[in-house]
Amino acid sequence: MGGIPIKKLLLILLIIILCMGSLSHAAIPVNASSEKGQMYFDGSSLLYKFNRFAVNETDMISVQGLSALLFAQYSQNPSNKKIKISTETDSIVLQIGSKTAFINEMEYQLPVPVISSGKTVYVALDFAVLASSGQVEWDLSKNIAFTMPYPTLENHIIERGEHLTQFPYQTIIHSALPLGSLTLVSKDHPMSSEYIPSALSSVIDKNGRYVLPAKVKSVKLHPAALDALKKLFKAASSGGAKNLIISSGYRSFQDQTYFFNKKINTLSRGLDLKDARIKAATIVAPPGMSEHQTGLAVDITTRSLLRTAVPLSATFGNTPEGKWVNENCWKFGYVVRYQKEKTKITGIISEPWHLRYVGIPHAEIMKETGFCLEEYLEYIKKEKYIKYTTASHKTYEIFYINLIPPFENLTLVSDSNSYTDITRYGKTSYIVTKGS
Ligand code: ZN
């Protein structure tokens, strides 16, 4: 230690401070939130409207934006600041602070180093264009880059140019996405205690008359789910299943907490609290884990069973009503959510009375494939793109979009004539359904 003179130490310290100063200066060139750009999905193409900015007269673009356009895996090593963008065919390697970049191990020299600002990393625009050639189309005059989800799909040829003429977009749904019809709620996928559906429809009309038979007037459902249920009940009635009645619809997080605690109280007379809790969870979904919080689930039974001690029981499945519903609910966008054969996957016992609204193409595809919701979502994830024509000759397209890192400002754009639904699946993925 005595070997290093104090002056030299001070000099080293000064150099370190200066270096840090210049580094941090280079690292925060812009306001990240304003420079990130916006990701769009217009039902056919994934578009990135980027904000350009220059460093030493070189245009820069967000690496995360590029990664999302390439449907790539984005990884950043915090220790050496190395960034890897991997697509199915290509691998792009960058390093924050470095001018050296690699595309499939071929070295490229960047005009300015890769920089970071907050969580966003920026690279020279020209390099991004080069690295994405063949996979992303760029309109640099409009600051737009676009790609088609999974362009390898031969049956998915879109008039690319037309979508560009659609600016400005007609419908924009911001980060607070409405709940998609495929939303998965389970023990592994709990809902926020804060979540309340943005709209709910009641089983009674303005004059207090029932629009659908229900146990109590307070029953509410997601508007699309209620409309579909009206059609279902009407068809059931003409099909000989005349005595259907709603037992329960939307339940808030607080309602569910009440039911759950009530069940624990009942059970804790014979068991200790921990066991009572475990047992209760097998009978009543713990708060946040019930599909009823979405407004997309409904419990139905028959009028006569409603008068019994257990209106919601396996018995319902054996009534003409239960059988009819099981056979026909898919035509109205509903599925019997918890089937006997799927108990291992859903973690829930057979519940022939619990219907879940997933929407028309999905209910029909689930019926045809025999998938429960968990399986179906994984199927979409694997297929990435499904084009499906229903029995009633309507064509739907289903896209699985994975954006890494997640884009909070993903925007769904659709023309007002077409049906669209966007469901967030996991942290970074979206399932978009588009139909005519
Ligand atoms: Zn239920």
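Conventions used here
- Residues numbered from 1 in each chain as written.
- Predicted model: local features only at pLDDT ≥ 70, side-chain atom pairs only at ≥ 80, totals over all residues.
- Heavy atoms only, no water.
- 1 Å grid on protein atoms, 1.4 Å probe; cavity = no way out; pocket = protein on both sides within 12 Å on 5 of 7 lines; lining within 4 Å.
- Points joined across faces, edges and corners; volume = space filled by probe spheres on them.
- Helix = DSSP H or I, 4+ residues; strand = E, 2+ residues; numbered from the N terminus.
- Nonpolar A, V, L, I, M, F, W, Y, C, P; charged D, E, K, R; others polar.
- Pairing = 2+ DSSP bridges.
- Axes fitted to C-alpha atoms, helices over the stretch in contact; angles between N-to-C directions.
- Buried < 20%, exposed > 50% of the residue type's maximum accessible area, 1.4 Å probe, protein only.

Draft legend 1. Quick peek at the layout of surface pockets. Looking at the largest pocket, its volume works out to about 1,100 Å³. Lining the largest pocket we find 37 residues, and of these Arg-251, Ile-283, Val-284, Asp-299 and Leu-312 sit closest to its centre. Those elements giving two or more residues to the lining of the largest pocket turn out to be strand 16 (244-248), helix 7 (253-267), helix 8 (273-283) and strand 19 (351-357). By residue class, the composition of the lining of the largest pocket is 16 nonpolar, eleven polar and ten charged.

Draft legend 2. Seen up close, the sheet that holds strand 4 (residues 58-62). Pairing within the open sheet is antiparallel, and its four strands lie in the order 3-4-11-10. The open sheet has two edge strands, strand 3 (53-55) and strand 10 (115-117), and neither has a second partner. Neighbouring strand axes in the sheet, compared pairwise and without regard to direction, differ in orientation by 45° on average. In this structure, strand 4 lies alongside strand 11 (residues 120-124), joined through three bridges in antiparallel fashion. Looking at the pairing, Met-60 lines up with Ala-124 of strand 11.

Draft legend 3. How the structure looks around unusual backbone geometry. In this structure, Lys-81 takes a positive phi of about 60° despite not being glycine. Residue Lys-81 is classed as partly exposed on the basis of its relative accessible area of 44%. Positive phi is not limited to glycine here, since His-393 has a value of about 65°. In this structure, His-393 sits in the loop between strand 20 (385-389) and strand 21 (395-402).

Draft legend 4. Empty space enclosed by the protein, seen in detail. Per the counting criterion, the structure on display carries two cavities of 30 Å³ or more. The computed volume of the largest cavity comes to approximately 80 Å³. Taken together, Val-185, Ser-186, Lys-187, Ala-281, Ala-285, Pro-286, Met-289, Arg-337, Tyr-338, Thr-346, Ile-348 and Glu-374 make up the lining of the largest cavity. Here the lining of the largest cavity is built from residues that sort into seven nonpolar, two polar and three charged.

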